[in-house]
Amino acid sequence: MYFRRLKTFLGLIVVVLIVWIARLSLLQLVRGDDYLQQARESLINPPKRLPTERGRIVDRHTVLLALDEPSFGVAVEYGVLTGNPYYLASGQYRPRISRSRAEALAGPARERYEELIDQVGQLCGLSRQELDARRQRIIREVQVVKDGVSRRVGRSTFIPAEFMAHTLVEDLSPDAQARVRALLGDTPGVTVAATMRRYYPMGECVAHLVGSEGPVDKDDLERDPFAAEDGRRYLPGDRRGLTGIEWLAEMQLRGSRGLRQTDREGAAIQDVPAVRGGNVQLTIDAILQKQVYDALARHVVGSPYPCGGAAVVINLSDRSLGGHVVRGGEVLALASYPSFDPNHWREFYRQLSADERGQPMLFRAVAAAYPPGSIVKPVTLAAALAEGKVRADETINCPGWLLGPDKPFKCWSWSGPNKFGHGELAASEALKFSCNVFFYTLGERLTLPVLSRWMERFGLGVDLGTGLAEERRGVVPNPAWLAAHRGGLGGASAADARNVGIGQGDLAITPLAAANTMATIARGGIAGRPLLVCDGKPTPVMTRVGVDPAWMDIIRDGMVRVVNEPHGTAHAYAFMTEVKLAGKTGSAQASRRWIGGQFVAGRRVGGQLFPPATHRVIRTIDGERVEVEEPLRPSHAWFAGFAPADKPTIAFACVIEYGMSGGRAAGPLAKDIIRLCIDRGYIEAAPASPPAGATGPGESSGEAHP
Amino acid sequence: MIGLLRFLRRVPWAMLAVVVLLCVIGQMSMDEGRGRKQLLWMIVSLVAMGVAALVPYRWLGEWSYVIFVVSLLLLLAVFVLPESVSPNIKGARRWIRLPNLPEVNCQPSEIAKIAYILMLAWYLRYRTSYRSLGGLLLPFALTVIPLALVLKEPDLGTSMLFLPTLFAMLYVAGADVRHLLAIIALGVVLVVAIVFVQIYLPRLVPAAGRFAPLEAHQEVRIRVWLAQGRYSNATEKDEGYQIRQSLMATGSGQLLGQRGRDAIFSRYDLLPEDDTDFIFSLIGHRWGFVGCGVILAAYLVLFVVGIEIAAATPDPFGRLLAVGVTALFAAQMAINTGMAIGLLPVTGMTLPFVSYGGSSLVVNFAALGLLINIRRHRPIVLYRRRFEWNEQLDRLT
């Protein structure tokens, strides 16, 4: 039995060996090729990303407005950011050792890295909290992508971003860069890395339009428009446009990232060069923009309640200027004041967003809708003429007021100490004096639905099609809108029609829309849309609004008289000899509550002391005329028009918030803008014939137009 | 002189030849520094082998209980001694070393393996009690003591050697096969039950998770083994790195092994423990299926010679000792290569005579010395057996 059992024992051993041999032949002979392939692939290093370069934004003369510059930042390996024990222990992500051993080894390395990152933070002037917050943000974003990919694949998976360095500190100054380099030495995992940063050479004058860019966030990663393109897909740490053209032209501007993958011997497996994104050319003339912005700044600062303002210059029709084509509707300047320094706004974001008065982040030219006041009177007149509600030769009497259902509607001439009426006025004279009674009458005759439709035809309260995220349509109230916004307290009344007829009531438009409407009038009733980007396409088709050119001539005549005839509302402020200017003032009563909240006398807002929000007026109390202090009725100052009046080439609009008087505050600004346009060659100087009986711009036309 | 010649004639040269082959292959598979250290250890091992071969083995048997108790005390000492003498390495306390000579450290569990075989062979040699179920109790109890102590260190690999050795010795000694099979069946059922409760039951009944008998890292190892390179989560992927790399290294060796550009695992340090526990994978990578075959064939020669020694020895103690040593080698070989090729879960286990490691080498050579010792004491055959087949005579012996 002993020998048999010994044989059986040997037999058992042989059986085991046979099983082992069978397994070996499966591994080595059957699956050998697969395993060899796997082994070869395991030699390939994770790919390294090369920085993506975003396209440039240039003006119409290819002046650079935004470009990517190489910059240096501190890049930290993801393993260090997360404290991955394998990485900390061995400098590699592959778990070469057991987890417990890795944990034991990682402890000291972790402390060393934390200290190092602290020191880097000190050299770069960043607090520990800030660094931690950035770190958490990076980790969160990587996890978002990881979750997304895992969901797509159907199981937990790894993504390249987990094995890469991420930029923790951006834009090192040369000094900080040298210090950080000296500190880091050859430390693996934390390096000074070349990245790209956005630079805006023109600074604040085009900051709103050009916009800003910033790191992608969770939403971008989840809804990635480039998801299908490997090179352009958003990855954590990538940048994308946030506002303005940067946002609008993201599809064009985004570059394609480079990718370099090598094996352990340094041989390239994959070498995809980075491709810079496409350039975007704006219709803006950078020099004109800068000059208009400076003029705007000067006039806003000089206004009685300096808050802000905007100015827009639009080219009217296709023409060739100095060898290059300027299309009709192209916006030559789009200034918004106050603005911000686009290269450093992040550092001052808190201050910028706390400035309730100036609101420097607000793109006033397209994003702020103001009551337009009298600048819409030409549109009301055009509508009335086209609808046959007023004859070209008809006159309407202005006694200073127009009786209404419950109270009289006063003309502006009936306020203040010297009350008077305008008397019998024909259409162009009504424009010249900006008579409210005339346009109350027209508004009432037209009725609100008809008037609002005409305003929309002239480009008010509609989408202008710039595509900017900031663009607002403004409000042109029609009965449906009123019913919706008055909480059922009644729809459109005759009073609404009267108010909208003079540009008040609920009407609100943006400066860009105002300039575009002026362009429509200047073209003789042909509506186009404002263009911001030179995209090489032909000019969009312009449409006739359906007003007889003869009637448009009456309107143009009225607007010429506003500036060029004595007692025209802007004659004292905007008359110029270089060119014959046509325009319309607007002093739009604005919400006093807004001022009341912000402009209380002596109250500090944004660190500045404000002038009193009251003024002294004479009132008749118990039959006695006394001077009393009353809360101010604030007005925005508008001036919009076109030049030259006879053969217009540009239209413009400018607004100064709380400028009080359209002529006084905005008129001189408009004059400056026109002079700048002449300098830049957009208007051919053709001296206006001095008006008959001109008394010169020094003469005051009374306390004139409010 | 005559005595030396007689001694040399009785040395099992075939066995020594394959052991030298295994040692050479081991040398070729580790880097120079370690190889040199291993050579030093080999000198020590040869001394140990000589001592084990020359001391009369029956004398070892007479002292076997003492040796066993001493080895148990050494196993206990690992837990009692201060950390300077018994260091905690990677969470395990398996070593005793002199504080001023950290290079020389000894593993009591390695000594315990030999002491255990000596003790068991001495205990079983003239008994028949183990042919009943009740008589198996004491051998099992004697096994559980060192097994539990080694398991506590923890050293799962070494502790797994005791049971196969016990079964082999009991089987050859003549225990009832039904009893042994019943015990094995019980063990298998227990293991399957543990795996079921640990891994599969919580999937069906989430509340069952709290009855999990194993610790998390043990569960992960079993999962990794069950997954065979396909992983469902990151922890398994981390823990499975070792076995995945091992399969990749072995498999990519193909028929003749990889040299030159594709000798990936020789050129880069991609396989952890590739000169100790996973040296077989590296051999498979460098010399392919043929190399693995040579290794397994060499071991087969070793086992055959071991069993031949057991068969030719009339002394029951010598017989059981030879079987025990052979079973020890076989179990070590099977577990080490089995885990390298993914047939068994990963535990720490050296490949005898090939892997780098002083204690294991010395003890394996000492065990080899015991085999030589037994072979040396084989009685001189005065007449050859009849060549005719005599079944009756065969049955009597």
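Counting restarts for each chain: residues are numbered from 1 in the order of the written sequence. Ligands are numbered from 1 and chains lettered from A, in the order in which they are written. Since the coordinates come from a predicted model, pLDDT governs what is reported: local features require at least 70, and pairs of side-chain atoms require 80 or more to be given and counted, while whole-chain, interface and lining totals use all residues. Excluded from the side-chain calculations are hydrogens and water; all other atoms, namely the structure's heavy atoms, are used.

Help me out: how do you make sense of the packing of aromatic side chains in this one?
Where two aromatic rings form a pair, the distance of their centres and the angle of their planes describe that pair. Residue and element names in this part refer to chain A. We call Phe, Tyr and Trp rings a pair once their centres come within 6.5 Å, taking the six-membered ring for Trp, and we label the pair stacked below 30 degrees between planes, edge-to-face above 60, and tilted otherwise. The full count for this structure, using the stated rule, is 18 aromatic pairs over all chains. Taking 5.2 Å as the distance between ring centres and 80° as the angle between the ring planes, the aromatic pair formed by Phe409 and Tyr440 counts as edge-to-face. A residue pair is termed long-range when its members are at least 10 positions apart, and Phe409 in strand β17 (residues 409–410) and Tyr440 in helix α17 (residues 436–446) qualify at 31 residues. Their ring planes at 70° and their centres at 5.1 Å tell us that Phe438 and Phe439 sit as a pair that is edge-to-face. Taken together through their ring pairs, the aromatic side chains of Phe340, Trp345 and Tyr349 make up a single cluster. Should the NZ of a Lys or the CZ of an Arg lie within 6 Å of a ring centre and within 35 degrees of the ring normal, that charge is described as sitting over the ring. Positioned over the ring face of Phe226 is Arg254, at 5.8 Å from the centre of the ring. Sitting over the face of the ring of Phe409, Arg498 holds its NZ or CZ atom 4.7 Å from the ring centroid. Helix numbering and strand numbering both begin at the N terminus, where a helix is a DSSP run of H or I of at least 4 residues and a strand a DSSP run of E of at least 2.

For this particular structure, what's the right way to read the sheet that holds strand β1 (residues 48–50) of chain A?
Picture the strands of a sheet paired through backbone hydrogen bonds; they go either parallel or antiparallel. Residue and element names in this part refer to chain A. Within the open sheet, the 3 strands sit side by side as β1-β8-β9. Their pairing is antiparallel. Two strands bound the open sheet, and with one partner strand each, they are β1 and β9 (268–272). When strand polarity is set aside, the average angle formed by the axes of neighbouring strands in this sheet is 20°. Strand pairing follows a simple DSSP-based rule, namely that at least 2 bridges must link the two strands. Convention adopted: a line fitted to C-alpha atoms gives each axis, helices being fitted over their contacting stretch, and angles between N-to-C directions are expressed from 0 to 180 degrees.

Honestly, the interface of chain B and chain A in this entry has me stumped. Any pointers?
Interface size, as often reported, equals the accessible area lost upon joining of the parts. The partner chain A presents 40 residues to the 58 residues of chain B that form the contact. Interface area for chain B against chain A, summed over the two sides, is near 4600 Å², with a carbon-plus-sulfur share of 68%. Once two parts are put together, the accessible area they lose, assessed with a 1.4 Å probe and summed over both, is termed the buried area. Among the residues of chain B in contact with chain A, Tyr171, Phe289 and Ile307 of chain B are the three that bury the most area, contributing 13% of the side total. Just to be clear on terms, a salt bridge is a Lys or Arg side-chain nitrogen sitting within 4 Å of an Asp or Glu carboxyl oxygen. Taken together, the links from chain B to chain A amount to 1 salt bridge. Throughout, a contact is declared for two residues whenever any of their heavy atoms are within 4.5 Å.

What exactly am I supposed to notice about a nonpolar patch on the surface here?
The patches described consist of residues with a relative accessible area above 30% and no salt bridge, like charges being joined within 9 Å and nonpolar side chains (Val, Leu, Ile, Met, Phe, Trp, Tyr) within 5 Å. Working definition of accessibility: Shrake-Rupley area with a 1.4 Å probe, residue cover restricted to the visible protein chains. A cluster of nonpolar side chains, contributed by Leu29 and Val30 of chain A together with Leu21, Leu255, Leu256, Val290 and Val294 of chain B, occupies part of the molecular surface with about 590 Å² of accessible area. Summarising the element assignment, Val290 of chain B is placed in helix α14 (residues 279–312).

It is not clear to me how helix α21 (residues 511–522) of chain A should be interpreted in this structure. Could you clarify?
Structurally, the α-helix is built with 3.6 residues per turn, so residues lying three or four positions apart point the same way. Residues and elements named next belong to chain A. Compared with an ideal rise of 1.5 Å per residue, which puts 12 residues at 16 Å, α21 spans 16 Å between its outermost C-alpha atoms and is within 8% of the ideal. Accessibility here uses a 1.4 Å probe with only protein chains present; expressed as a share of the type maximum, an area under 20% marks a residue as buried, one over 50% as exposed, and anything in between as partly exposed. Within α21, 12 of the 12 residues are buried, leaving the element largely enclosed by the surrounding structure. For α21, the complete set of buried residues consists of Pro511, Leu512, Ala513, Ala514, Ala515, Asn516, Thr517, Met518, Ala519, Thr520, Ile521 and Ala522. Trailing α21 by a residue or two, Gly524 shows a phi angle of about 80°, which is positive. In this scheme, a helix's expected span is set at 1.5 Å multiplied by one less than its residue total.

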